[in-house]
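# What the coordinates show
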Amino acid sequence: MDDWRAQRERAVRAHAAAEERRRLDEAAEAARLVAWFAAEADRRGLRRTRLTVRPWHGGGRYRSRLTGWYVDRARSRAVDARGSFYLLTVPPSLRARLFGADPQPQPAPLVVGQGGRDGESIPLRALLTRRLDAGNDWP
């Protein structure tokens, strides 16, 4: 019985280690894509814009100090000039309404929207390429 438990524990640890390696590989690939996007957007002369942030619930938008490019039409995801990826949602607060909000960079997912309730997901490369192809005509 002890052999079975030890074997099971080794299998669980090996599976967890493999999952962690996969997650780190995906994060590195997504970071490379986001950095590529920022460099390519600069090369193509895409205008940067002052990014705004939306509260998790409720209306309105908050100012931020970030400048960069929205990468989705909902303006909930963006990339700044340094190649950092942002989710542009924050907890609602009076302070953010008065003074603005500054979200922190997030690791970009390789598939944007995966696991969302609406079922719409798109590979990060396709989302970024679509944004580049739209040029300065992005809505």
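Let me sum up the structure you'll find in this document.

Conventions we followed
- Residues numbered from 1 in each chain as written.
- Predicted model: local features only at pLDDT ≥ 70, side-chain atom pairs only at ≥ 80, totals over all residues.
- Heavy atoms only, no water.
- Pairing = 2+ DSSP bridges.
- Helix = DSSP H or I, 4+ residues; strand = E, 2+ residues; numbered from the N terminus.
- Salt bridge = Lys/Arg side-chain N within 4 Å of Asp/Glu carboxyl O.
- Buried < 20%, exposed > 50% of the residue type's maximum accessible area, 1.4 Å probe, protein only.
- Lys, Arg positive; Asp, Glu negative; His and termini not counted.
- Polar contact = N/O pair within 3.5 Å; in protein donor to acceptor, adjacent residues only side chain to side chain.
- Core = buried A, V, L, I, M, F, W, Y, C linked by side-chain atoms within 4.5 Å.
- Contact = heavy atoms within 4.5 Å.

## Looking at the sheet that holds strand 1 (residues 49–55)
Taken in spatial order, the 5 strands line up as 4-3-2-1-5 in an open sheet, and their pairing is mixed. Each having just a single partner strand, strand 4 (85–87) and strand 5 (89–90) make up the two edges of the open sheet. Direction of pairing for strand 1 relative to strand 2 (residues 62–70): antiparallel, over a ladder of 4 bridges. Within strand 2, the position partnered with Arg50 by the bridge is Thr67.

## Comments concerning the pattern of salt bridges
A full pass over the atoms with the stated rule returns 13 salt bridges. Between Glu9 and Arg13 there is a salt bridge, with the nearest N and O atoms lying 4.0 Å from each other. Of the two residues, Glu9 and Arg13 are both situated in helix 1 (residues 2–44); the distance of 4 residues between them amounts to about one turn of the helix. Accessibility expressed as a relative area gives 46% for Glu9, which makes it partly exposed. Ionic pairing is found between Glu29 and Arg32, a salt bridge with its closest N-O pair at 2.9 Å.

## Structural notes on the environment of Asp3
You can see Asp3 is positioned in helix 1. A relative accessible area of 65% places Asp3 in the exposed class.

## A closer look at the pairing of strand 1
Where strand 1 hands over to strand 2, the hairpin turn is made up of 6 residues, of which Gly58 adopts a positive phi near 95°. Bridge count between strand 1 and strand 5: 2 bridges; the pairing is parallel. Along strand 5, the bridge assignment pairs Arg54 with Thr89.

## Some words on the side chain of Arg131
Inspection of the secondary structure puts Arg131 in helix 3 (residues 124–134). Although Arg131 lies buried, it forms no salt bridge, and the closest oppositely charged side chain, Asp72, sits 8.5 Å away as judged by the N-O distance. Within polar-contact distance, the side chain of Arg131 engages the backbone oxygen of Tyr70 at 2.9 Å.

## Thoughts on the nonpolar core
Formed by 18 residues in total, the largest nonpolar core has its most connected members in Val34, Phe37, Val79, Leu124 and Leu128. When contributions to this core are tallied by element, the ones reaching two or more residues are helix 1 and helix 3. With 6 residues, helix 1 is the single largest residue contributor to this core. Residue contacts for Phe37: discarding those within four places in its chain leaves Trp69, Val71, Val79, Leu128, Arg131 and Leu132.

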